[in-house]
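Results of the structural survey
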Amino acid sequence: MQNQTDILAVHVNVDLSARALKAIVENAKSLAGKDHRGRPLVDTAGAVGMMITKFLAEKDFETYVMDPDNYPEPETA
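Every value quoted in this text rests on a predicted model; they were computed, and no experiment measured them.

Regarding the overall build of the chain
Scanning the chain for helices and strands turns up three helices and zero strands. Taken from the N to the C terminus, the helices and strands of the chain come in the order α-α-α. The globule rule puts the C-alpha radius of gyration for 77 residues at 11 Å, and the 17 Å found for the chain is more than 25% above it. Along the longest, intermediate and shortest principal axes, the C-alpha atoms of the chain span 55 × 35 × 20 Å. With the model as given, the accessible surface of the chain reaches about 7,200 Å², and the carbon-plus-sulfur share is 57%.

Below, the structure is given as structure tokens:
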């Protein structure tokens, strides 16, 4: 993985399947500890971001975006 000083947090909207989102939330909750009321001690939105970040790093997103052939055709107005 890259040096952490080279990483920027970018807040975007990402389309993903309901099944993927459900899996992340369920797994994050099952792995987290619980508070005195039995509620999971996990930020599920943060877990989604961490999973996407990990996936992008493992699949070498940086190299992918360097290739102009990977970009969609521009929409015409």
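Observations concerning the packing of aromatic side chains
Taken as a whole, this structure holds one aromatic pair when the rule is applied. On the basis of an interplanar angle of 20 degrees and a centroid distance of 6.2 Å, the ring pair of F61 and Y64 is categorised as stacked. Placement of both F61 and Y64 in helix α3 (residues 61–66) is noted, with a separation of three residues, approximately one turn of the helix. Look at F61 and you get partly exposed, because its relative accessible area is 39%.

So, how was this worked out
Residues numbered from 1 in each chain as written. Predicted model: local features only at pLDDT ≥ 70, side-chain atom pairs only at ≥ 80, totals over all residues. Heavy atoms only, no water. Helix = DSSP H or I, 4+ residues; strand = E, 2+ residues; numbered from the N terminus. Rg over C-alpha atoms; globule rule 2.2 N^0.38 Å. Areas by Shrake-Rupley, 256 points an atom, 1.4 Å probe, with all protein chains shown as cover. Phe/Tyr/Trp six-rings, centres within 6.5 Å; stacked < 30°, edge-to-face > 60°. Buried < 20%, exposed > 50% of the residue type's maximum accessible area, 1.4 Å probe, protein only.

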